[in-house]
Protein chains: 2
Amino acid sequence: MRTVVIGSGAGGLTTASTIRKYNKNMEIVVITKEKYVAYSPCAIPYVISGEIPSFQHIVMHTPEYYRKNRNIEIITESIVVDVDSEKREVVYYDREGNKRTLKYDYLVIATGGETFIPPIEGRDLEGVFKVKTIEDGMKIKDYAQKSTSATVVGAGAIGLEMAYGLRKLGLKVTLVEMAPQVLPRALDIDMAEVVLKYLKDLGIEVILGKPLSKILGDKDGRVKEVVVGNKSHSCDMVVMATGVRPNIELAKRAGCEIGRLAIKVNSRMETSVLNIYAVGDCVETVDFITGQPTLSPFGSTAVRQGKVAGKNIAGISAEFKPVLNAMVSKIGDMEIGSTGISELRAHQSRMEVVVGKAKALTRARYYPGGKPIYVKLIFDIDGTLIGCQIVGGERVAERIDAMSLGILKGVTCEELVNMEFSYAPPVSMVVDPIALAAEDAWDKFRKLK
Amino acid sequence: MRTVVIGSGAGGLTTASTIRKYNKNMEIVVITKEKYVAYSPCAIPYVISGEIPSFQHIVMHTPEYYRKNRNIEIITESIVVDVDSEKREVVYYDREGNKRTLKYDYLVIATGGETFIPPIEGRDLEGVFKVKTIEDGMKIKDYAQKSTSATVVGAGAIGLEMAYGLRKLGLKVTLVEMAPQVLPRALDIDMAEVVLKYLKDLGIEVILGKPLSKILGDKDGRVKEVVVGNKSHSCDMVVMATGVRPNIELAKRAGCEIGRLAIKVNSRMETSVLNIYAVGDCVETVDFITGQPTLSPFGSTAVRQGKVAGKNIAGISAEFKPVLNAMVSKIGDMEIGSTGISELRAHQSRMEVVVGKAKALTRARYYPGGKPIYVKLIFDIDGTLIGCQIVGGERVAERIDAMSLGILKGVTCEELVNMEFSYAPPVSMVVDPIALAAEDAWDKFRKLK
C-alpha cells in the first residue's frame, strides 16, 4: 500500500509522520515543489526581525532525515500537474523536468495556498514581495538590508509581524490596511486601538481604511513609491501580506467537491473522492460558533488536520472538530490573541451579545515588571462564552487557550466569575483579569434582568 | 443594618468591599488584631528575596483608604474574644485594652489560620520564625541580614519560596521535609524530582523523609543548630513553613458547626448559625474530585469566598463551588503549578487512572529563549481529566488555569488531543505540550481497549 502526499507543509508532513507512527509498512511518498521542507513559515517574520538568528534555524528536518528516521520518501522541487482518481495516479514533473506518474492507494492533497496579490499596477516590479516560502523570506531580508523604507500591505498577523521585523531592521515602515482597523479578522476595533497605539509607539506609520492603489517604479523597474488612496508615499520595497488563497486546482482535477471557500472535507479529512484526503490551507472547515464554512490558515490547524488524516489512513478512527480560529501573535513586547467570534462579527450574524472588559496587570500590583493586559469576553445573550480577545505584555497565549477550551465546553459568564484561577504574585493578580472581565459582563447581565 | 467582619485578610476585606459594591447603606465594620491591613501575605517570600523591594510595597491600602473610599470602618489591633449569637454582638478588646461590644445584623468570621508549629524542643528560641503576617516577614528579613545559614521546615510552596528567598539573600539554606518529596500536596514524586533538581542547582540542601526533631540554642537562647532525624546541622535561624491550622475558636463560641477540618459553611458561605458567614482559611470547602471536605488556604480562594459572602449579604444570590486547589508558585526561574487530584492521591482514593506526560519547550524549537516544560495529566479510567501538574520555565500558571477549566467542564483525553491551541513561534510550540501529554495518555487508553 502506498500513500502519496502532495505538499510538504505542516499538513502534508504531519499526515505522513502520523501514518508512519501507526503503520510501519505503508509506503509513503511526499511530492513537493519546494526545495526546503519541514520549516516553519510562521517564523519568517522573526528571522527578518533578527529575533531568530537565521533562516537555517527554522528548517527543522531535511528530506534525508525523513528517509532515514521515518522511512518517508520526499521528492523535492517537483510539480504535480494532474491527479487521475480513476487510475489512482498522480502526474508530476520532477526536478529535471521529466514527466512521471506515481500510483497511490491513498492520496493526501496538502497543496496549501498562494498569497493573494491584488491586481494593481506595479505588482510585478522588483522590490515587491510576498511572504509565503522560506525563499520569500530570504529575498525580503536581502532586499531590506539595502533599503531604507518599506510598505507592508495588509494588517493581519503576518502584516504586523513583518512591519515590526522590518522596523526592527531599521527601516522606515508604513503599514497599509483597507479595513478601518488593524487585525480585522481577529480583533474588534476597541482592542485593535491598543495594538495601533503600540505600533505607532514603535514608529510604524499606519494607514487604515484605504486600499493600495498602485505601485510605481523607477527607470530600472524597482519600487520607488506606492499610492494609497490618492496619496503617494515613497518606499524602496513592498511586502504583500494580503492573505492566502487556497490552492484547489489539483483537487478539482481529481474530481473532489469544492465548497464555498476551498476543498470540502468531512470530519475525517476525506474529500468527496474515495481514498483522497485533504488537509491544511487548501481545505475549508467549520466555524464552531456559526456552523458556517471557514478557512483556518494556521500551521497549528494543518498539524491537527494532518494527525486526523494520518490516523484515519492508518486505520485509527479520528475526527477533526469545528474550529474557533484561535490565534496569537507577538509583536515586540506585545502579545495579541483571540478566539471564537468577535463582537462585530456576532452583530453581523445578528447574534445578541453581552461584552465584558477589563484592563489589569499580568502580576500582582506591587510585583515589579507587571505589564498591562486587556481582556474582552463576548457572551451570547444566554450567558455562554463565544469569543475572547486579549492584548497584553505577557501571558496572553495560554489565557486564549483557556478561553478556547471554555468556549468549546460551553462555559458561562457566571462560571468564569467564580472560576478558580491559580495565583502567585509574580505570575498573576489575585483576581485574574479574565474573572474581572467576566464580572463586568455579569453586572451587565444582572441589569438586563 | 450593620455587618461586622472579624479579620482583615483577603477573605474579610473582600467580603466588606463586595457588600459595599452592591449596598451603599450597610454599615460595615472590620475588627482585626493586625496593625497593617490589606497586604498580601503570599508576597512575603518575594520581599525576603528582594524581588519586591520592600514590605511597604505589599501593603495595598490603609484603614483610612477604606474609610474614605469605601465607607468601611476598620478597627485595628483589636482582639475579638467572644461572639454572642443570641444577642448578636461581638466582644473585643480595643488597642487600649478596653473591653467593648458591638452589635451586628450580619457577622463574617474571617479569622484565618495560625502556622502550625510542631511541639518540639527549642521551638521558642530566638531565631525561630513563622511566615504568617507582614511583621513575621520583617523580623525574618532583619534576622536573616545578620545570619549566614537558615533551616526552612516544610517543603510546601511557602517553604520553597522562603528557601529560595533566603538563598538569594546569600544564606546557606537547608530545607527539611518529612514527606519523601518536595511539594507533597501539589505534585507527584516524578514531577517533584524536577523541582528538587532545580533547588539543588540553586545550592539549597534538601533533606527529605525526615522530621525536624529539635532545635538547639546557644547560651543566649539563640538558634545554633537543628537536629533532623539523628543528624545535627548548624544554622542561625529556623523558618517554620509547616502549614496552617484554621482559627475556629470564635466560630465555636458563636455556636457554629465545625466540620472535619474547619468551620462548616454551605455554598452561600453561611455557617450553621443564622446570619453568620465565614470565609477564608478558617473554613472547610468541598474537593471537586473527591467530594470530600478539604482546606483551600489560598489568598485567591479567600477572595472568591469573600465575593460570594458579600453578594449574599447584599441580597444578591451567589454560590461558592467545590475547589480543585489549583496552585502556582515561582521559584527563581521555575514556575510550578498543579490542579485537581494527583496520581498518588487518586491511588489512595482507589481511583483507577491513566497518566499522560510530555517534556517539551515553551517556544518553537528554533526560537531563542525557549525553556523546558514538563506536563503531567491525570485522567480517570473513563478518559475524563481529573488532575494536572506542570513545571517549567515560563507560561505555567495559565496552562494550569486552562486545565482547571477543563476539569470543571469535564474535558476528555480525546478532546485535549484534538484541542485547538493558539500558536506563534515566540510563545508556543506548534503542538502544545498539553496536547502532547494528552496524546501520550491517549496512546495508553488505546492499548487498554
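Residues numbered from 1 in each chain as written. Chains lettered and ligands numbered in written order. Predicted model: local features only at pLDDT ≥ 70, side-chain atom pairs only at ≥ 80, totals over all residues. Heavy atoms only, no water.

Residues and elements named next belong to chain B. Most of strand β24 (residues 372–380) is tucked away, with seven of its nine residues classed as buried. In this structure, strand β23 (residues 353–361) lies alongside β24, joined through nine bridges in antiparallel fashion. Across the sheet, Leu 361 pairs through a bridge with Pro 372, a residue of β24. Two strands pair when backbone bridges link them, and β24 and strand β25 (residues 385–392) are joined in this way by seven bridges, in the antiparallel orientation. Paired with Leu 377 across the bridge in β25 is Cys 388. The hairpin turn running from β24 into β25, its antiparallel successor, is four residues long, and Gly 383 in that turn takes a positive phi close to 95°. (Buried < 20%, exposed > 50% of the residue type's maximum accessible area, 1.4 Å probe, protein only. Helix = DSSP H or I, 4+ residues; strand = E, 2+ residues; numbered from the N terminus. Pairing = 2+ DSSP bridges.)

Contact with chain B, which involves 72 residues of that partner, is made by 72 residues of chain A. Between chain B and chain A the total buried area reaches about 6,200 Å² when both faces are included, carbon and sulfur atoms providing 59% of it. The largest contributions to the chain B side of the interface with chain A come from Tyr 366, Glu 398 and Glu 420 of chain B, which together make up 13% of the buried area. Run the count over chain B and chain A and you get 16 salt bridges. Between Arg 395 of chain B and Glu 335 of chain A there is a salt bridge, with the nearest N and O atoms lying 2.3 Å from each other. Applying the counting rule to chain B against chain A returns 30 residue pairs in polar contact (both at pLDDT 80 or more). Those elements that place two or more of their residues in the side of chain B that touches chain A are α1 (10–22), α8 (299–313), β21 (327–331), α10 (397–408), α11 (413–417) and α12 (433–448) of chain B. For the side of chain B that touches chain A, the element with the most residues is α10 of chain B, which contributes 11 residues. Tallied by class, the residues present in the side of chain B that touches chain A amount to 40 nonpolar, 12 polar and 20 charged. (Contact = heavy atoms within 4.5 Å. Buried area = accessible area lost by both parts, 1.4 Å probe. Salt bridge = Lys/Arg side-chain N within 4 Å of Asp/Glu carboxyl O. Polar contact = N/O pair within 3.5 Å; in protein donor to acceptor, adjacent residues only side chain to side chain. Nonpolar A, V, L, I, M, F, W, Y, C, P; charged D, E, K, R; others polar.)

All names here are of chain A. In spatial order, the strands read β4-β5-β6; together these three strands make up an open sheet with antiparallel pairing. In this open sheet, the two strands that pair with only one neighbour each are β4 (79–84) and β6 (99–103). Going from strand to strand, the sheet's axes swing by 25° on average, the running direction of each strand aside. (Axes fitted to C-alpha atoms, helices over the stretch in contact; angles between N-to-C directions.)

Over its 13 residues, helix α6 (residues 189–201) of chain A runs 18 Å from end to end, which matches the ideal 18 Å to within 8%, given 1.5 Å per residue. Of the residues making up α6 of chain A, those classed as buried are Met 191, Ala 192, Val 194, Val 195, Leu 196, Tyr 198 and Leu 199 of chain A. (Expected span 1.5 Å × (residues − 1).)

We now examine the packing of aromatic side chains. Under the definition given, this model contains 12 aromatic pairs over all chains. Ring geometry for Tyr 22 of chain A versus Trp 442 of chain B: centroids 6.4 Å apart, planes at 80°, classification edge-to-face. Separated into two different chains, Tyr 22 of chain A in helix α1 (residues 10–22) and Trp 442 of chain B in helix α12 make up a pair that spans both. Per residue, the accessibility class of Tyr 22 of chain A equals that of Trp 442 of chain B, and both read buried. Summarising the aromatic geometry, the rings of Tyr 367 of chain A and Tyr 46 of chain B are spaced 5.8 Å apart at their centres and angled 80° between planes, so their arrangement reads as edge-to-face. (Phe/Tyr/Trp six-rings, centres within 6.5 Å; stacked < 30°, edge-to-face > 60°.)

Turning our eyes to something else, we now look at the side chain of Glu 439 of chain A. Position of Glu 439 of chain A among the secondary structure elements: in helix α12 (residues 433–448). Those residues in contact with Glu 439 of chain A that sit more than four places away from it in its chain are Val 417 of chain A together with Lys 21, Tyr 22, Lys 307 and Lys 311 of chain B.

This paragraph deals with the sheet that holds strand β10 (residues 149–153) of chain B. Residue and element names in this part refer to chain B. Read from one edge of the open sheet, five strands run β9-β16-β10-β11-β12, paired in parallel fashion. Each having just a single partner strand, β9 (128–130) and β12 (205–208) make up the two edges of the open sheet. Strand-to-strand twist in this sheet, taken as the mean axis angle between neighbours without regard to direction, amounts to 20°. The pairing of β9 with strand β16 (residues 237–240) spans three bridges and is parallel. Within β16, the residue paired with Lys 130 across the bridge is Met 240.

Turning next to a nonpolar patch on the surface. On the surface, a cluster of nonpolar side chains totalling about 240 Å² of accessible area is made up of Ile 79, Val 81 and Tyr 93 of chain A. Turning to its location among the elements, Tyr 93 of chain A is positioned in strand β5 (residues 89–93). (Patch = residues over 30% accessible without salt bridge, like charges linked within 9 Å, V, L, I, M, F, W, Y side chains within 5 Å. Areas by Shrake-Rupley, 256 points an atom, 1.4 Å probe, with all protein chains shown as cover.)

Turning our attention to the relation of the copies chain B and chain A. Between chain B and chain A, the superposition needs a rotation of 180° and an axial shift of 0.0 Å, giving an RMSD of 0.0 Å. Such a combination of rotation and displacement between the chain copies is what one expects of a two-fold axis. Closest approach to the rotation axis within chain B is made by the C-alpha atom of Ala 402 of chain B, at a distance of 2.0 Å. Both copies contact each other with a shared surface, as 100% of the interface residues of chain B are interface residues in chain A too. (Least-squares fit on C-alpha atoms with pLDDT ≥ 70 in both.)

All names here are of chain B. Pairing analysis gives five bridges linking strand β5 (residues 89–93) to strand β6 (residues 99–103), with the strands arranged antiparallel. Paired with Glu 89 across the strands is Lys 103, a residue of β6. Hairpin connection, β5 to β6: the antiparallel pair is bridged by five residues, and Gly 97 has positive phi, about 90°.

On to the packing of α1 of chain B against α8 of chain B, then. All names here are of chain B. Packing of α1 against α8 brings their axes to within 7 Å, and their N-to-C directions diverge by 35°. Taken as a pair, α1 and α8 cross one another with a handedness that is right-handed. In this structure, α1 uses Ala 10, Gly 11, Thr 14, Thr 15, Thr 18, Ile 19 and Tyr 22 to contact α8, whose residues at the interface are Gly 299, Ala 302, Val 303, Gly 306, Lys 307, Ala 309, Gly 310, Lys 311 and Ile 313. Residues that form the contact of α1 with α8 fall into these classes: seven nonpolar, seven polar and two charged. (Left-handed = near helix turned anticlockwise from the far one by under 90°.)

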